[in-house]
Amino acid sequence: MSLSQRPLPGCVLVAALLLAAPVHAQMSNDPFDVPLASNGEVIQVDYEDFAEIPDVGGEPSRMMQLQDEPVVGRMFLNGMRGPVHTVGYDGAVALYLDINASEWGVRVESSGRERGVQSFALHPQFAEAGTPGYGKLYAWTDTENTAPAPDFVSGGGDDAHDTVLLEWTATDASGARYDGGPPRELMRFEQPFGNHNGGQIGFNPLASPGDADFGLLYIGVADGGSGGDPLDLSQNLSSGFGKIFRIDPLGSDSENGEYGIPADNPYARDGDPDTLGEIYAYGVRNPQRFAWDPENGNLFLADVGQNIVEELSLVTRGGNLGWNDWEGSFRFISRQAVDLASPRSDPGVNYPVAEYGQLDPLFQPQSAASGVHVYRGAEIPQLADLVLFTDLPSGEILHIDADDLPDGGQALIGRVLLNEGDEASTVLDVVRAKNLEQGRDPATRVDLHLARGPGEQVFLLNKHDGVLRRLVPDADP
């Protein structure tokens, strides 16, 4: 997901960094000595092709997010170009809403790999008639319509496009198609660059009515793009960029009056006019996916690194995840190097629980941490009590122990491979084989996300063959 260049040759690297490097810096573009494939446990699981999502414009759907809605008995899935489909528990697929339909005037900006409908979320009261959240669906999307005044600006760069949070309200939540009116806009970001726009949005599925967290929407906001956070936004508490927001979408006490700010957000009642009340956590770069552990409530975030370290971190109220002072456990110097001296030495930073190097031979160039799921089920015993996360382009599925979290590094990260006949395959292998069946050129990358379906089911979403897959218990245990 980073658009920056590959590391420079050694002699050029040293010359380029000497002036900027801190005194006593131990510069490196590869902080992990032992390849990831040499460590951790390799787990194999069965899978099935669960559903096929229709092409958009003759190209595979760029699947991003899936959410189960048990009351109406179906799942919802969005693609980056605008369609939101329903997926039945039997695999039947139907169009529910096209966010990019001309009647709505949203004008989704979906050019390039990083732009489009980033995520969506159903309000936890979506199917409960008579409640404030009935029928409400939220979409976090890039738009080419930059005419309205933004709520959040970067202070630099060009107005490449805007990213907006939209609320759609269905009249009949159980209906086969969306039957409501145009969306209501809650907030708008003016993007200074074309990359690093937004990430996931979602409600805490563990919260119940009466809980402080019930009905509050978490929003992943990236650092604005380019590379290295050139505008220094992620550590700036007066900027909305590089943050995890937490808002009440049904409230109205925000500056623009379109949403609410929870009173227990860390900066909501601090008396400082220069801090944003919407901020729940900060210091993120490109927060792709997050997920809660149903056992203990831990909130895990996969945040895409710059050129060197990819990370999986815990998000806490008011937590600082370090970017752009830190890339993973190491002081950030530039796109070509981090400082290995004094790792994890700032007690005010939430360092990753697990991280891996972009130069590890297991991954493609420009690797990117994404997709998170904490598996607490019993149907697939080899996955029990593991945190699953993915590398976006290579399609590698990785795991760590959910009950004995590592203290950074990649030594305790294992791999998950798919059973394909007598072979153990990566998701990329499976997608490439499907591409050949489809008469398409085999994909060079996967763009893999994970999602939770009914119960503890784990679904695999990718952007290159339109097939929604599900991990299943082994046929021959």
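Look a little higher up for the structure.
All of the points below concern the structure found in this document. (Residues numbered from 1 in each chain as written. Predicted model: local features only at pLDDT ≥ 70, side-chain atom pairs only at ≥ 80, totals over all residues. Heavy atoms only, no water.)

## Notes on the overall build of the chain
Part 1 of the argument: The helix and strand tally for the chain stands at 2 helices and 29 strands.
Part 2 of the argument: Taken over the C-alpha trace, the chain has a radius of gyration of 21 Å; the compact-globule value for 477 residues is 23 Å, and the two agree within 12%.
Part 3 of the argument: Structurally, the chain occupies a C-alpha span of about 65 × 60 × 40 Å along its principal axes.
Part 4 of the argument: Within the chain, buried positions represent 60% of all 477 residues.
Part 5 of the argument: For the chain, the exposed surface amounts to about 17,600 Å²; the carbon and sulfur share of it is 47%. (Helix = DSSP H or I, 4+ residues; strand = E, 2+ residues; numbered from the N terminus. Rg over C-alpha atoms; globule rule 2.2 N^0.38 Å. Buried < 20%, exposed > 50% of the residue type's maximum accessible area, 1.4 Å probe, protein only. Areas by Shrake-Rupley, 256 points an atom, 1.4 Å probe, with all protein chains shown as cover.)

## Side note on the nonpolar core
Nonpolar side chains in soluble globular proteins generally cluster together in the buried interior.
Part 1 of the argument: By size, the foremost hydrophobic cluster in this structure holds 25 residues, and its most contacted members are Leu165, Met187, Leu217, Ile219 and Phe245.
Part 2 of the argument: For this core, the secondary structure elements donating two or more residues are strand S8 (136-143), strand S10 (184-191), strand S11 (198-203), strand S12 (217-221), strand S13 (243-247) and strand S14 (279-282).
Part 3 of the argument: Phe245 has contacts with Phe152, Met187, Phe189, Leu217, Tyr218, Ile219, Val221, Gly240, Leu276, Glu278, Ile279 and Tyr280, leaving out every residue within four places of it along the chain. (Core = buried A, V, L, I, M, F, W, Y, C linked by side-chain atoms within 4.5 Å. Contact = heavy atoms within 4.5 Å.)

## Brief notes about the sheet that holds strand S3 (residues 63-69)
Part 1 of the argument: Across the sheet, which stays open at both edges, the 4 strands sit in the order S3-S4-S5-S6 with antiparallel pairing between neighbours. Whereas interior strands pair on both sides, the edge strands pair on one side only; in this sheet they are S3 and strand S6 (93-98). Neighbour-to-neighbour, the strand axes of the sheet open up by a mean angle of 25°, direction not taken into account.
Part 2 of the argument: Summarising the sheet, strand S4 (residues 74-79) and strand S5 (residues 83-88) pair through 5 bridges and their orientation is antiparallel. Across the sheet, the residue bridging to Leu77 is His85, located in S5. (Pairing = 2+ DSSP bridges. Axes fitted to C-alpha atoms, helices over the stretch in contact; angles between N-to-C directions.)

## Some words on the pairing of S8
Part 1 of the argument: With 8 of 8 residues buried, S8 is to be regarded as a mostly interior element.
Part 2 of the argument: By the alternation rule, side chains of S8 split into Lys136, Tyr138, Trp140 and Asp142 and Leu137, Ala139, Thr141 and Thr143, which are all buried.
Part 3 of the argument: Here 5 bridges tie strand S7 (residues 117-122) to S8, and the two strands are oriented antiparallel to one another. In the sheet register, Val117 faces S8, and the bridge partner there is Thr141.
Part 4 of the argument: The pairing of S8 with strand S9 (residues 161-169) spans 8 bridges and is classified as antiparallel. For Ala139, the partnering residue across the bridge sits in S9 and is Leu166.

## Some points on the side chain of Asn419
Part 1 of the argument: Among the structural elements, Asn419 can be located in strand S25 (residues 414-420).
Part 2 of the argument: Side chain to side chain, Asn419 and Asp46 meet in a polar contact 2.7 Å long.
Part 3 of the argument: Here Asn419 is in contact with Gln44, Val45, Asp46, Tyr47 and Asp474, once residues within four sequence places are set aside. (Polar contact = N/O pair within 3.5 Å; in protein donor to acceptor, adjacent residues only side chain to side chain.)

## Some remarks on the packing of aromatic side chains
Part 1 of the argument: Taken as a whole and assessed by the stated rule, the structure comprises 20 aromatic pairs.
Part 2 of the argument: With a centroid separation of 5.8 Å and 90° between ring planes, the pair formed by Trp168 and Tyr178 is classed as edge-to-face. Here the residue Trp168 occupies a position in strand S9, and Tyr178 occupies one in the loop between S9 and S10, the gap between them amounting to 10 residues.
Part 3 of the argument: Following the ring pairs from residue to residue traces out a cluster consisting of Phe76, Tyr96, Trp104, Phe126, Trp168 and Tyr178.
Part 4 of the argument: Directly above the aromatic system of Trp323 lies the positively charged group of Arg285, at a separation of 5.6 Å from the ring centroid. (Phe/Tyr/Trp six-rings, centres within 6.5 Å; stacked < 30°, edge-to-face > 60°. Lys NZ or Arg CZ within 6 Å of the ring centre and 35° of its normal.)

## Observations regarding the sheet that holds strand S17 (residues 309-314)
Part 1 of the argument: Taken together, 4 strands build an open sheet; the order of strands is S15-S16-S17-S21 and the sheet is antiparallel. Of all the strands in the sheet, the pair left with one neighbour each is strand S15 (287-292) and strand S21 (354-357). Sheet twist, expressed as the average angle between the axes of neighbouring strands with direction ignored, equals 15°.

## Brief notes about the pattern of salt bridges
Part 1 of the argument: Counted under the stated rule, the structure contains 22 salt bridges.
Part 2 of the argument: Here Arg440 makes a salt bridge to Asp55, at a shortest N to O gap of 2.5 Å. Of the two residues, Arg440 sits in the loop between helix H2 (427-437) and strand S27 (449-452) while Asp55 sits in the loop between strand S2 (42-52) and S3, which places them 385 residues apart along the sequence.
Part 3 of the argument: Members of the salt-bridge network, linked through shared partners, are Asp49, Lys434, Glu437, Asp465 and Arg469. (Salt bridge = Lys/Arg side-chain N within 4 Å of Asp/Glu carboxyl O.)

## Notes on H2
Residues separated by three or four positions in an α-helix point in the same direction, a consequence of the helix having 3.6 residues per turn.
Part 1 of the argument: All of the buried residues along H2 are Val427, Leu428, Val430, Val431, Lys434 and Asn435. Each buried residue of H2 sits inside an arc of 160° when the element is viewed along its axis, so together they form one side. Opposite the buried face of H2, at more than 90 degrees from it, the exposed residues are Leu436 and Glu437.
Part 2 of the argument: Check the buried side of H2 and you find it contacts S2, strand S24 (397-401), S25, strand S26 (423-425), strand S28 (458-461) and strand S29 (467-472).
Part 3 of the argument: Gly439 sits one or two residues past H2 and shows a positive phi near 80°. (Arc of directions from axis to C-beta.)

## Re the pairing of S5
Part 1 of the argument: The element S5 is largely enclosed, with a buried count of 6 among its 6 residues.
Part 2 of the argument: Neither face of S5 is exposed, since Pro83, His85 and Val87 on one face and Val84, Thr86 and Gly88 on the opposite face are all buried.
Part 3 of the argument: Counting the residues between successive antiparallel strands, the hairpin from S4 to S5 contains 3 residues, one of them, Gly82, with a positive phi of roughly 135°.
Part 4 of the argument: Note that S5 and S6 share 5 bridges and pair antiparallel. In the sheet register, Thr86 faces S6, and the bridge partner there is Ala94.

## Regarding the environment of Gly318
Part 1 of the argument: By secondary structure assignment, the location of Gly318 is in the loop between S17 and strand S18 (326-327).
Part 2 of the argument: Through-space distance from the C-alpha of Gly318 to that of Asp223 is 17 Å; in sequence the pair is 95 residues apart.
Part 3 of the argument: Residues within four places of Gly318 in sequence aside, it is in contact with Pro266, Tyr267, Tyr280 and Tyr282.

## Some words on unusual backbone geometry
Part 1 of the argument: With omega at 0°, the peptide bond leading from Trp323 into Asn324 counts as cis.
Part 2 of the argument: Looking at where Asn324 falls in the secondary structure, it is placed in the loop between S17 and S18.
Part 3 of the argument: The phi angle at His196 is positive, at roughly 55°, despite the residue not being glycine.
Part 4 of the argument: Of note, the phi angle at Asp232 is positive, near 50°, even though the residue is not glycine.
Part 5 of the argument: Relative to the elements of secondary structure, Asp232 occurs in the loop between S12 and S13.
Part 6 of the argument: Asp232 sits in the partly exposed class, given a relative accessible area of 49%.

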